[in-house]
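Spelled out from the first residue to the last, the chains are:
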Amino acid sequence: MAAPAPEYLRFTTHKSLTHRLVLSTLTGRPVHISQIRSSSPTNPGLAPHEISFLRLLDSITNGSVMQISYTGTTLTYIPGLITGSVSTGGGDVVRCVLPETCRRGVSWFLLPLCMLAPFSKAPINVRFEGDGVITSATETGDVSVDTVRTAILPLYEAFGIIGSKLELRILQRSCAGVGGKGGGGVVELRFGSQVRLPKTLHMNRSPGRVKRIRGVAYSTGVSASNSARMINAARGVLNPLVPDIHVASQYDQAPLVGDKGSAGGKKRTGVGFGLSLIAECSSEGVIYSADVPAPSQGGVTPEDIGKRCAYQLLEMVSQGGCITRVGAPTVLTLMAMGSEDVGREEI
Amino acid sequence: MDDQSNRPHRPSKDKKKHTGDRNPKAFSFANPGRLAKTAARSHDIKEKRLHVPQIDRIPEEPPPRLVTIVGPPGVGKTTLLKSLVKRYAKETLSDPQGPITVVTSKRQRLTFVECPNELEAMVDMSKVADIVLLMIDGNFGFEMETMEFLNILASSGMPGNVFGILTHLDLFRKPQTLKDAKKRLKNRFWSELYQGAHLFYLSGVINGRYPDREIHNLSRFLSVMKNPRPLIWRNSHPYSIIDSFRDVTHPTKIEEDPKCDRTVVLSGYLRGTNFAAQGQRVHIPGLGDYTVAAMESLPDPCPTPYMDQALAKASGKTGRRRLDEKEKKLHAPMSDKSGLKIDGDMIWITREKGFNFDKDAEDVERGEGEELIVSLQNERKLLGEAVEGVQLFSNGDAITSVAEEDSGRKQPRSARFVERDEESDEEPNDEGFVSGDEYDSAEEIELTDDKLGRAFRKSDDPAGGDIAFADSDSDLGSISGEEEEAESSDEDGDTRWKENMLKTAQQLQGKRRSYRTADLAKLMYDESLTASEVLKRWRGEVEEAEDIEEDSDDEAFFKKSGRETADEKFEDRAIPFLDYDALEAKWSVDDNIEALRQRFATADLLGEKKADQSGSDDGEGEDSDEGDGAFEDLETGEGHKHDDLEAERAKNAKRKEELKMRFEEEDRDGFNNDKAKARQETGEDEEFGEDDWYDAQKARIQKQLDINKAEFELLEDSQRVNVEGFRAGMYAKIVIEGAASEFVTRFSPRMPIIVGGLSATEDRFGFVQVRIKRHRWHKKILKTNDPLIFSMGWRRFQTMPVYSISDSRVRNRMLKYTPEHMHCFGTFYGPLIAPNSGFSCYQSFSSKNPGFRIAATGTVLNVDEATEIVKKLKLTGAPYKIFKNTAFIRDMFTTAVEIAKFEGASIKTVSGVRGQIKKALSKPEGYFRATFEDKILMSDIVFLRAWYPVKPHRFYNPVMNLIGWEGMRLTGEVRRDEGLPTPQQKNSQYKPVERATRHFNPLRVPRALAAELPFKSQIVQTKKQSKETYMRKRAVVLGGEEKKARDLMQKVMTLRNEKVAKRRVAKEEKRKEYRKKVEENAEKRGEREKKEKQEYWRKEGKKRRAETDGEGGGKRRR
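Cut-off values and rules
Residues numbered from 1 in each chain as written. Chains lettered and ligands numbered in written order. Predicted model: local features only at pLDDT ≥ 70, side-chain atom pairs only at ≥ 80, totals over all residues. Heavy atoms only, no water. Helix = DSSP H or I, 4+ residues; strand = E, 2+ residues; numbered from the N terminus. Rg over C-alpha atoms; globule rule 2.2 N^0.38 Å. Buried < 20%, exposed > 50% of the residue type's maximum accessible area, 1.4 Å probe, protein only. Contact = heavy atoms within 4.5 Å. Buried area = accessible area lost by both parts, 1.4 Å probe. Salt bridge = Lys/Arg side-chain N within 4 Å of Asp/Glu carboxyl O. Polar contact = N/O pair within 3.5 Å; in protein donor to acceptor, adjacent residues only side chain to side chain. Nonpolar A, V, L, I, M, F, W, Y, C, P; charged D, E, K, R; others polar. Patch = residues over 30% accessible without salt bridge, like charges linked within 9 Å, V, L, I, M, F, W, Y side chains within 5 Å. Areas by Shrake-Rupley, 256 points an atom, 1.4 Å probe, with all protein chains shown as cover. Lys, Arg positive; Asp, Glu negative; His and termini not counted. Charge placed at Lys NZ, Arg CZ, Asp CG, Glu CD. Expected span 1.5 Å × (residues − 1). Pairing = 2+ DSSP bridges. Axes fitted to C-alpha atoms, helices over the stretch in contact; angles between N-to-C directions. Core = buried A, V, L, I, M, F, W, Y, C linked by side-chain atoms within 4.5 Å. UniProt positions renumbered as here; feature names shortened; annotations may be inferred. Domains from an automatic or database assignment. pLDDT = per-residue confidence, 0-100. Disulfide = S-S within 2.5 Å. Phe/Tyr/Trp six-rings, centres within 6.5 Å; stacked < 30°, edge-to-face > 60°. Lys NZ or Arg CZ within 6 Å of the ring centre and 35° of its normal. Right-handed = clockwise from strand over helix to strand, strands pointing away.

Visitor: Explanation requested: the overall build of chain A in the structure shown.
Guide: Helix and strand content of chain A: seven helices and 18 strands. At 20 Å, chain A has a C-alpha radius of gyration in line with the 20 Å of a compact globule built from 347 residues. By principal-axis analysis of the C-alpha atoms, chain A measures approximately 70 × 60 × 40 Å. Taking all 347 residues of chain A together, the buried fraction comes to 58%.

Visitor: Would you mind showing me how to read the interface of chain A and chain B here?
Guide: Interfaces are often sized by the accessible area lost when the parts come together. Taken residue by residue, the interface counts 69 residues in chain A and 54 residues in chain B. Between chain A and chain B, a total of about 5,400 Å² is buried, with carbon and sulfur atoms accounting for 53% of that surface. Connecting chain A to chain B are five salt bridges. Between arginine 344 of chain A and glutamate 711 of chain B there is a salt bridge, with its nearest N and O atoms 3.4 Å apart. The tally of links from chain A across to chain B stands at 23 residue pairs in polar contact (both at pLDDT 80 or more). Elements supplying a minimum of two residues to the side of chain A that touches chain B: helix H1 (17-27), strand S12 (210-220), strand S17 (287-293) and helix H6 (302-319) of chain A. When residues of the side of chain A that touches chain B are assigned to their parent elements, the largest contribution, nine residues, is made by H6 of chain A. Here the side of chain A that touches chain B is built from residues that sort into 25 nonpolar, 26 polar and 18 charged.

Visitor: Before we go on, may I ask you to explain a negative patch on the surface in this structure?
Guide: All names here are of chain B. Negative charge collects at one region of the surface, where Glu255, Glu256, Asp257 and Asp261 lie side by side. Positionally, glutamate 256 belongs in helix H8 (residues 251-256). When its relative accessible area of 67% is taken as the criterion, glutamate 256 is described as exposed.

Visitor: Would you take a moment to explain a positive patch on the surface for this structure?
Guide: Together, Arg1056, Lys1059, Arg1063, Lys1067 and Lys1070 of chain B line one region of the surface with positive charge. Examined against the element boundaries, lysine 1059 of chain B turns out to sit in helix H35 (residues 1041-1108).

Visitor: How should the environment of arginine 890 of chain B be read in this particular structure?
Guide: Residue and element names in this part refer to chain B. In this fold, arginine 890 is placed in strand S28 (residues 886-890). Given a relative accessible area of 32%, arginine 890 falls into the partly exposed group. Sequence-wise, arginine 890 and lysine 179 are 711 residues apart; in three dimensions their C-alpha atoms are separated by 79 Å.

Visitor: Which parts of the structure should I look at to understand H6 of chain A?
Guide: One turn of an α-helix holds 3.6 residues; hence residues three or four places apart share an orientation. Taking 1.5 Å as the rise per residue, H6 of chain A with 18 residues should run 26 Å; its terminal C-alpha atoms sit 26 Å apart, in good agreement. All buried positions along H6 of chain A are accounted for by Pro302, Ile305, Gly306, Cys309, Ala310, Tyr311, Gln312, Leu313, Leu314, Glu315, Met316 and Val317 of chain A. In the core, the buried residues of H6 of chain A are packed alongside S12, helix H5 (225-238), strand S16 (272-281) and S17 of chain A together with helix H22 (580-587) and helix H23 (590-597) of chain B. At the C-terminal side of H6 of chain A, glycine 320 of chain A shows a positive phi close to 75°.

Visitor: How do you make sense of the sheet that holds strand S2 (residues 100-103) of chain B when you look at a structure like this?
Guide: Strand pairing in a sheet relies on backbone hydrogen bonds, with the paired strands running either antiparallel or parallel. All names here are of chain B. The sheet built from seven strands is open, its strands ordered S6-S5-S4-S1-S3-S2-S11 with mixed pairing. Of all strands in the sheet, those with a lone pairing partner are strand S6 (199-201) and strand S11 (330-331), marking the two edges. Summarising the sheet, strand S1 (residues 65-70) and strand S3 (residues 109-114) pair through five bridges and their orientation is parallel. For threonine 68, the partnering residue across the bridge sits in S3 and is valine 113. The sheet strands contacting helix H4 (residues 144-155) are S1, strand S4 (131-137) and strand S5 (161-167), and the helix crosses S4 at an angle near 160°. Taken strand by strand, helix H5 (residues 175-192) contacts S4, S5 and S6, and its axis lies near 155° from that of S6.

Visitor: Would you take a moment to explain the nonpolar core for this structure?
Guide: Soluble globular proteins: nonpolar side chains tend toward being buried together. Of all hydrophobic cores here, the largest spans 102 residues; its most connected members are Phe128, Tyr156, Ile213 and Leu314 of chain A. If you look at the next biggest cluster of nonpolar residues, it comprises 96 residues, including Ala129, Val264, Leu270 and Val768 of chain B.

Visitor: In this structure, what is going on with the UniProt feature "domain: Bms1-type G" (unreviewed entry) in chain B? I would like to understand it.
Guide: Those residues carrying the UniProt feature "domain: Bms1-type G" (unreviewed entry) are residues 63-228 of chain B in this numbering. The span residues 63-228 of chain B is 39% helix and 20% strand, and its two end C-alpha atoms sit 15 Å from each other.

Visitor: So what exactly am I meant to see when it comes to the domain arrangement of chain A here?
Guide: Assigned domains within chain A: domain 1 (7-82) and domain 2 (210-324). Each of domain 1 of chain A and domain 2 of chain A has a C-alpha centre, and the two are 32 Å apart.

Visitor: Explain the confidence of the model for chain B here, please?
Guide: For any part of a model where pLDDT is low, the fine detail of the predicted coordinates should not be relied upon. All names here are of chain B. Looking at chain B, the pLDDT average stands at 78 and 72% of residues meet or exceed 70. Mean pLDDT in chain B bottoms out at helix H14 (residues 462-480), which sits at 38, and peaks at strand S31 (residues 928-932), which reaches 96. Note that residues 615-639 has pLDDT below 50 and, in this model, eight contacts with residues that lie over four places away or in other chains. Below pLDDT 50 for its whole length, residues 1110-1118 participates in 14 contacts with residues either more than four positions away or in separate chains. In the predicted assembly, ipTM is 0.88 and pTM is 0.74.

Visitor: Looking at this structure, I do not really get the state of the cysteines. What am I missing?
Guide: All names here are of chain A. One pass over the structure, following the stated rule, counts zero disulfides over all chains. Unpaired in terms of disulfides, cysteine 281 finds its nearest cysteine sulfur in cysteine 322, a separation of 8.3 Å. For cysteine 281, a relative accessible area of 4% corresponds to the buried category.

Visitor: Help me out: how do you make sense of the pairing of strand S4 (residues 65-68) of chain A in this one?
Guide: The side chains of a regular strand alternate between both faces of the sheet. Residue and element names in this part refer to chain A. Sheet topology places S4 next to strand S5 (residues 75-78); four bridges connect them, and they run antiparallel. Bridged to methionine 66 within S5 is tyrosine 77. The turn linking S4 back onto S5 is made up of six residues, and glycine 72 within it adopts a positive phi angle of 85°.

Visitor: I would appreciate a short explanation of the sheet that holds strand S2 (residues 31-34) of chain A in the present structure.
Guide: Residue and element names in this part refer to chain A. Strand order in this open sheet of four strands is S1-S2-S5-S4, and the pairing throughout is mixed. The sheet is open, and its two borders are formed by strand S1 (9-12) and S4, each paired with just one other strand. Ignoring which end each strand starts from, the neighbouring axes of this sheet average 15° apart. Across the sheet, H1 is in contact with S1, S2 and S5; its angle to S5 comes to roughly 30°. Relative to S4, helix H2 (residues 48-60) is tilted by about 160°, and along the sheet it contacts S4 and S5.

Visitor: Just checking my understanding: could you explain the packing of aromatic side chains for this structure?
Guide: Note on aromatic pairs: each is described by the distance of the centres and the angle between the planes. All names here are of chain B. Under the definition given, this model contains 33 aromatic pairs over all chains. For the pair phenylalanine 790 and phenylalanine 828, a centre-to-centre distance of 4.2 Å together with 35° between the ring planes defines the contact as tilted. Remark: phenylalanine 828 occurs in strand S24 (residues 824-831) and phenylalanine 790 occurs in strand S20 (residues 788-792); sequence separation between them is 38 residues. Ring-pair connections join several aromatic residues into one group, and the members of that group are Phe765, Phe767, Phe790, Phe797, Phe828, Tyr829, Phe839 and Tyr956. When the ring centre of tyrosine 306 is taken as reference, the NZ or CZ atom of arginine 107 above it lies at 3.7 Å. Across from the ring centre of phenylalanine 943, 4.9 Å away, lies the NZ or CZ of lysine 874, which sits over that ring.

Visitor: Explain the pairing of S5 of chain B here, please?
Guide: Residue and element names in this part refer to chain B. Across the seven residues that make up S5, a large majority, seven, are buried. Side chains of S5 alternate between two faces, with Asn161, Phe163, Ile165 and Thr167 and Val162, Gly164 and Leu166 buried alike. One crossover worth recording links S4 to the parallel S5 by way of H4, and it is right-handed. In the sheet, S5 pairs with S6 via three bridges, with the strands oriented parallel. Looking across to S6, one finds that leucine 166 is bridged to tyrosine 201. Crossover S5 to S6 through H5 is right-handed.

Visitor: Could you clarify how one ought to interpret the environment of glutamate 315 of chain A in this entry?
Guide: Here glutamate 315 of chain A is to be found in helix H6. On the basis of relative accessibility, which here comes to 13%, the residue glutamate 315 of chain A falls in the buried class. When the C-alpha atoms of glutamate 315 of chain A and glycine 258 of chain A are compared, they prove to be 40 Å apart, with 57 residues separating the residues in sequence. The contacts of glutamate 315 of chain A, once residues within four sequence positions are left out, are Leu578, Leu583, Lys586 and Trp587 of chain B.

Here is the structure:
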């Protein structure tokens, strides 16, 4: 006598696919998602980054079953247990190789992974590598890893997760490659703190006043002066409002991708620059973030990027609330996964 | 005599006065050693008190405590139950069955359950009982059931309160034996539980009950008991003990197929945590897993006086004291109570004096059942219908005739919401969630307040309820935005609000924003609306005012086909699309920047304050100048530079004020600090030092609980249920669909029925790794893959565990049997459960096996979807050709492929020579070359040690004893039942091992060969001795005197031996006689013992029979 037949939750389209899969894994409910880009004449079915995410889920869980239809437009997922990165051979790090056709930034993988990680049995250490890791913000709307590190990971501390055990190592930066596809970055997430029941939080008071602004200006494979220009432009906008602005400038070489054996040999990709800003408030745990990358086809000056980022930040601040659009899924998921205590949060 | 002079006493020494200003001895310790000891002890006691702080989720109106009466048959359980019911409810139950709830004090109730003498019931009761009354026959001593129950209790989480009750103490004739027996039993009981466990003594039975005084003492203990530390399992799961049961399957369905699946309604008090409002998964031990089809809270059938009062207050109906208030204190639907007994779907009404169903008869004492029948004769009246008509609102007109009733039922009446359906006849808008009309929220509140039926509400009075509503309104409004001021004026008082309700309603009809979360929920879950539409409605925007800007924005961005844009929209963006040009335009305007500045630390606090003040009160703004003026008058003496100085001072004062405000905002206890305000509001103003960690934790937990309470009290009842579920303490009915028909047909009210809620993980299946130990009182060790019944969580199921042990922490090696006295690991397939939960195991629940039935106990270590258990596998082979260190081995493998897999594997001979597999030979398939550290012998056996993974069988068989169940049998049992012989393999039979001793021939070298050997290899042989050796020279020969002496000694000894032999024979003769006598004695004693034993078992048999008669005990007479 085996387990009873599972009842599927049925969804359509690939809208918030990662979040659906994460919640399915956390609650143990099997899901059935159909009509994934079924009407698209050119590329129906699951996109490469979505396949990579499923692979990642498979490698950190045990006993999960995924079935993808022949066309890729239907996905069935029966979640397993989140084991973390223990059972895999070759050290304690799970490697997640993203293909070079990946258009989404690595934060698209990181955010849902971080939501799963607190409920894992063992620490989750995942290294993203391959020809598709874009560490910068992307035009597809993903934030940069700097924002994840400085604006998202600190949110976990309020839930009883030890901040010093969370680490996001950026081993190699990369912006989006030609046509917004691929990169060559290497990012390692070490999530060493696990909880059974996360605490809840009460952030229903005023978000307080913005007291300082921090940020990272990154330029990969382009002149480091771009960073300075972005910072300058952003400061020009923000300085009248808050004097305490500190934006780090980060220059890296563009990563090498491709085989030696292939026709072109190894080549550099992921050239670009961008700016990530966060605004910290006087009440604890309230962080606004803004992220603007240079488009992969170029044609935008660093000054524009800097200004846009600053304006985006101002817009976020003016929208108010204690969590932003970027952090809301994380915070709400963790609140929902807690005990039956009431948590309060102002969005 | 007078002049006798004694020596005077020695004068005492003068004590030296201390020199300082005060006595130093007065400020030191008299006994430093003792002081240290007492201090250490008091600290020990203080530390012992501390436990990890645990959240106590017992609600304000807790469910009745569950008291279970456990004991072997014939010990007096039913008698005790009757006595207790008589004590509390002043009522005599002839045949108490099922849970019986009584009110014991102003705020406390108890539910009594008699646990039948079946192991399944004992296992179930151990999981839910708050208080255990463990009955022991004092005259007989402890019986196996008592010991079993104590051990079950220990493995499923010992409740704090286990009381022993010794009965049948009147059967002792001598006071001394009684005293001794009491002492002996007390010591045994204490060693089973803890030193000082409570033990009560009940003597004889008077009028079928125990003496009132003794019962009174016991009840005093029951009622003064404090809440024990909550058990983790019960504090994290909802559960309920079912006290009434009804089959609501459609009768025609049953008629068509008597075996059809049934829909049953189970009702009982909810306990533990909250039942989810929808889709709660539950396990009913003995029946299986179900999803709750519907759930509804019912009015409390047995409210405490406190709740009654509160209810009367809330409903406005004061003190309608009923004549039969006495009866209300007892709730026992399964028992025969005052002539009414609910048995399944039937109600039995019994009356001794004959029935009188005349409803007009006055002054007739009727039982509850008769009341029921009589009340059926009443003509049916609609709810709230009085003589003058239906009054919908308290201030509204009474409706005498209904113009047109078109809200008739559209569906056949379903079983679940009988009461609600009836109500919805008159109140079509009452459904709360379903009817999506948002304008009548005000009326809805009125109705719910009046109705108040469902659950016990704790609002003080209707006015209080309304005020709470108003509070919530403004709270919620402040979240959504700033426009709510416009309407807040008409929320000030409930009376005024009610008076001009019509007007307000008309106002609201036009354009009204709803601020209640209830409405938001309605909108959110209305599937006909899209998210954006919902947002619009929530914001109060009308349909026509489309958000044109946004749309045009999107179109500007996407220049692809409509399909593509839709697809793109589905992509989740963390960064929204923003029109940066518009943003730039917006943020280059100074006013906007200044407006935003208040969100930054550089904000002009003074300006803000002024703006605030002028906003609230216009006259206030100017007053602040006056202060400046006065200040100036006092301080300024000089005329020149007056303006300059004044300006400077004004600037300074302003700066000072701003600094002060900044301080107030940033300081920890500042007036403007949000956090400080929050702290003050929640009362968390105490500071906790380093040593007060424990108190700080407790305060934090309490604070959270207060927040929960405050938040949930803002919600109305139906919504509260939707959010937090059905909370513990409610009396609710649970509808289960698809229960097997045997559940109804075999239903026995004696068996307790438990509905235990399952969490999401417990609904999944996988491999569970446990640490398990055979119980030391269980006779046999357990075998791997033998079916075993686990009682874990709510469930009881049969599964096939594989036992293993950690082999030097490298691997889990399978064990064929559990160790005798040691823990080992067990892995089995079953429902997942949180690690660290305890469990107990049984080979069978049947009472046929006489021994101790708990086979093993343990805790869960880990749950997983895979297992890593291995067993040892030895492959043997034999060399057929040996070189120096190389040998060719055969008979280990059959194909070269197998060998390829094991290339490089280490092998070994029996004598311990180690080696390695090198390569398969091409010619004879399955032969290979191996190398060894030394030359091996042809007679050596070569073996390869390998590990073979073992998987437990995916076998899970829940014990469904309520619908008739037979577990999987052992192979041996099946063979025995079927009469099949055990197949025996010839090769598996044991034969005497015949090992020929190896015989090594001596080395013989032919003489011719020896002669030719080189000198170095010459065989060295010693020559024969030619001279006499030293020893031979000294050989002794007897002679003369000594020879004679020896001869004599021989003769003497012979004579003596003869004598001894004769004496022995004589003694043997005597011993035979004695032995015969002893034998006779033993025979006599045996006979007597047999007789005694028969006598004893005759008595014992009577006692057991009493239980099987189904009449309970109490009929025993000795």
